Amino acid sequence: MKQIQAIRGTQDILPGEVERWYRVEAAAREVFGRYGVGEIRTPIFEDSQVFVKGTGETTDVVQKEMYRFTDLGDNDITLRPEGTPPVVRAYLQHKLGQGRSIDRYFYCGPMFRYERPQKGRYRQFHQIGVEVLGAESARVDAEVIAMAMQWLAELEVASPTLKLNTVGDEETRIAYREILVAAQAERLDELCGDCRARHVSNPLRVFDCKKPGCQAVIETLPVIQESLSAAADRHFNGVREALADWDIQAEIDPRLVRGLDYYRQTVFEITSSALGAQDSLLGGGRYDGLVAQMGGEDVPGVGFASGTERILLAMPEAPAEAATDVFVIAFDEGSVDTTHRFVHELRQAGLRALTYAYGGRNKRAQSKAARRSGAPWQLVVGPDEMAADRYTLRRLADNHEEVVSAGELPAVAARLVRHKASS
Ligand code: AMP
């Protein structure tokens with residue numbers, strides 16, 4: 001029978017790799033915690049309207065990339081392609097944010113988009129994202145950016161570059177849209193089919209197109225900065241000043257737009273030169289208007305979403321860490337029971353202990369398994385040791401030995417391993 005494979009664009013995360021995932025997630029919890037951000041967990045599937053209304057009907061995500069299906073109860077369901085609309089849905093459903101509070105959430109988990117898979121782009125991928133609801137201050141935009149930069153720095157991500165732009169407020173967008181549509185209309189025959197459709201439905205999205213023909217046109221299109229309203233200009237300056245005040249370098253990229261409809265004012269992206277074509281580690285911005293669009297009051301929001309797979313690609317390889325502290329070897333069949341009792345006692349004492357003394361595996365086979373485990377400590381149980389009640393814990397790196405009785409073993413081993421962990 002042909003071996004069944006994981007679905008194209010999905011990946012297994014195996015032991016040995018998953019530890020790096022823990023590190024990314026633990027650093028997120030720790031760094032975000034410093035900013036008062038708490039975790040929220042929403043379902044992996046939602047009523048499709050959450051994304052149609054939230055992400056926006058004219059986006060590529062909604063039009064071409066959703067895993068959308070009708071379930072057995074005739075409900076229109078979508079596997080979440082992004083985290084922001086579900087967080088806003090939960091925020092409204094549970095009436096969070098009462099009394100003009102500032103609410104800060106992060107989420108962490110798989111997202112699903114039917115995209116063409118390549119390095120750094122998958123159909124099931126993982127995002128860690130932050131949403132701050134209820135604050136309109138430009139300082140909060142800067143805080144969210146500072147938090148993302150701090151997190152990436154603690155993960156030692158290679159050369160993160162912050163790109164910053166504004167897509168203006170409503171007033172700006174209305175004025176700019178007119179100017180942009182007129183400019184695009186003059187060059188329409190040079191744009192690709194998708195961009196000709198965007199020209200009508202969502203002209204700002206043309207800036208997202210990577211096709212060379214469209215890129216040539218994009219270079220010549222007027223940028224939104226020239227149409228900024230006084231309020232939008234003030235907001236953008238506020239973000240830049242706060243970042244400069246905190247020594248965070250930002251590259252202003254007047255053509256940066258994000259692929260989602262709901263962004264207003266600040267947009268940003270952090271890229272890494274360690275990545276190939278898919279060089280965006282995370283992206284985000286301000287989304288005042290989204291909460292109202294999803295049926296709530298006029299609550300401002302700002303946040304970002306990062307791709308965990310991409311962060312891992314841009315992080316240094318971690319030295320492989322042993323998953324076992326002490327490997328216990330049975331010298332002969334008569335030592336197997338004591339070996340297993342020791343392993344049990346070591347585990348009870350909080351150590352990671354392992355044995356391969358199962359069903360006739362001889363000492364050589366066990367020693368091989370011990371080496372493969374990378375366990376720093378070894379203990380051999382044999383008839384002589386049992387007769388004398390003296391067992392030798394040996395550290396492989398330098399052959400340092402500690403001789404203990406059976407009764408002393410768990411406590412001594414715990415002390416030795418902890419000593420190593422804290423050194
Ligand atoms: P977006 O939600 O499209 O703004 O993307 C935010 C971040 O999610 C990007 O910067 C990527 O790191 C990551 N990302 C988005 N789409 C994918 C994908 N198909 N595969 C892997 N990572 C992705």
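Note that this is a predicted model, so its numbers are computed, not measured. Position numbers for residues count from 1 along each chain, tracking the sequence in the order it is written. Predicted model: local features are reported for residues with pLDDT of at least 70 only, side-chain atom pairs are reported and counted for 80 or more only, and whole-chain, interface and lining totals are derived from all residues. The basis for every side-chain value is the complete set of non-hydrogen atoms in the structure, without hydrogens or water.

Concerning the pattern of salt bridges
1) Next: What makes a salt bridge here is a side-chain nitrogen of Lys or Arg within 4 Å of a carboxyl oxygen of Asp or Glu, nothing more. Following the criterion strictly, the structure yields 20 salt bridges and no others.
2) Next: Across the pair Arg89 and Glu46 runs a salt bridge, and its minimum N-O distance is 2.8 Å. One end of the pair, Arg89, is in helix α4 (residues 84–93); the other, Glu46, is in strand β2 (residues 45–47), with 43 residues separating them in the sequence. Taken individually, Arg89 and Glu46 each receive the classification buried, so the pair is uniform in this respect.
3) Next: Across the pair Arg352 and Asp325 runs a salt bridge whose closest N-O atoms are separated by 3.0 Å. Taken together, the positions of Arg352 in the loop between α12 (336–348) and β13 (353–355) and Asp325 in the loop between α11 (308–314) and β12 (326–330) put the pair 27 residues apart, joining distant regions of the chain.
4) Next: For the exposure calls, accessible area comes from a 1.4 Å probe over protein chains only, and a residue counts as buried if that area is under 20% of its type's maximum, exposed if over 50%, partly exposed in between. Judged by its relative accessible area of 38%, Arg352 falls in the partly exposed class.
5) Next: Through salt bridges with shared partners, a single ionic network connects Asp60, Lys64, Asp194, Arg198, Arg205 and Asp208. Segments assigned H or I by DSSP are reported as helices when at least four residues long, segments assigned E as strands when at least two residues long, and all are numbered from the N terminus.

Here we look at helix α13 (residues 363–373)
1) Next: Of all the positions in α13, only Gln366, Ser367, Ala369, Ala370 and Ser373 are classed as buried. Buried residues of α13, viewed axially, fall in a sector of 160°; they line one side. Along α13, exposed side chains directed more than 90 degrees from the buried face belong to Arg364, Lys368, Arg371 and Arg372.
2) Next: For α13, the side-chain oxygen to backbone nitrogen distance between the N-cap and Arg364 is 3.1 Å, and the N-cap itself is Asn362.
3) Next: Directly beyond the C-terminal end of α13, a positive phi value near 75° is found at Gly374. Summarising the geometry, the arc corresponds to the directions from the helix axis toward the C-beta atoms. Identification of polar contacts relies on pairs of N or O atoms within 3.5 Å, with a donor-acceptor requirement for protein atoms, meaning one able to donate a hydrogen and the other able to accept it, and with residues adjacent in sequence counted only if both atoms are side-chain atoms.

Let's talk about helix α7 (residues 193–201)
1) Next: Here α7 has its buried residues at Cys195, Arg198 and His199. The buried residues of α7 all sit within an arc of 110° when viewed along its axis, so they share a single face.
2) Next: Throughout, a residue-residue contact means that at least one pair of heavy atoms, one from each residue, lies within 4.5 Å. Looking at the buried residues of α7, the elements they touch are α3 (60–64), α6 (170–186) and α8 (212–220).

Focus on unusual backbone geometry
1) Next: The backbone of Glu156 shows a phi angle near 55°, a positive value even though the residue is not glycine.
2) Next: You can see Glu156 is positioned in the loop between α5 (138–154) and β7 (160–166).
3) Next: Located in the positive-phi region is Ser159, a residue other than glycine, with phi close to 30°.
4) Next: Position of Ser159 relative to the elements: it lies in the loop between α5 and β7.

Some remarks on the packing of aromatic side chains
1) Next: Aromatic pairing here means that ring centres of Phe, Tyr or Trp (its six-membered ring) are within 6.5 Å. Orientation follows from the plane angle: under 30 degrees is stacked, over 60 is edge-to-face, and everything else is tilted. Going through the model one piece at a time under the given rule, you end up with 8 aromatic pairs.
2) Next: Ring plane angle 70° and centroid distance 5.9 Å describe the contact between Tyr67 and Tyr114, whose orientation is recorded as edge-to-face. You can see Tyr67 sitting in strand β3 (residues 67–70) and its partner Tyr114 sitting in the loop between β5 (103–112) and β6 (124–133), a full 47 residues away along the chain.
3) Next: With relative accessibility at 26%, the residue Tyr67 sits in the partly exposed group.
4) Next: An aromatic cluster is built from Phe32, Phe106, Trp151 and Phe304, whose rings are joined through pairwise contacts.

Topic: the sheet that holds β5
1) Next: We treat two strands as partners when DSSP finds at least two bridges between them. Judged by pairing direction, the sheet is mixed, and its 8 strands sit side by side in the order β1-β5-β6-β11-β10-β9-β7-β8 without closing on themselves. Lying at the two open borders of the sheet, with one neighbouring strand each, are β1 (38–39) and β8 (251–252).
2) Next: Looking at chain direction, β7 and strand β9 (residues 264–272) are connected through 7 bridges and run antiparallel. Across the sheet, residue Pro160 finds its bridge partner in β9, namely Ser272.
3) Next: A fitted line through C-alpha atoms represents every axis, and for helices the fit uses only the stretch in contact; the resulting angles, taken between N-to-C directions, go from 0 to 180 degrees. Most of the contacts of α5 go to strand β11 (residues 301–307), to which it runs at about 20°, and overall it touches β5, β6, β7, β9, β10 (280–286) and β11.

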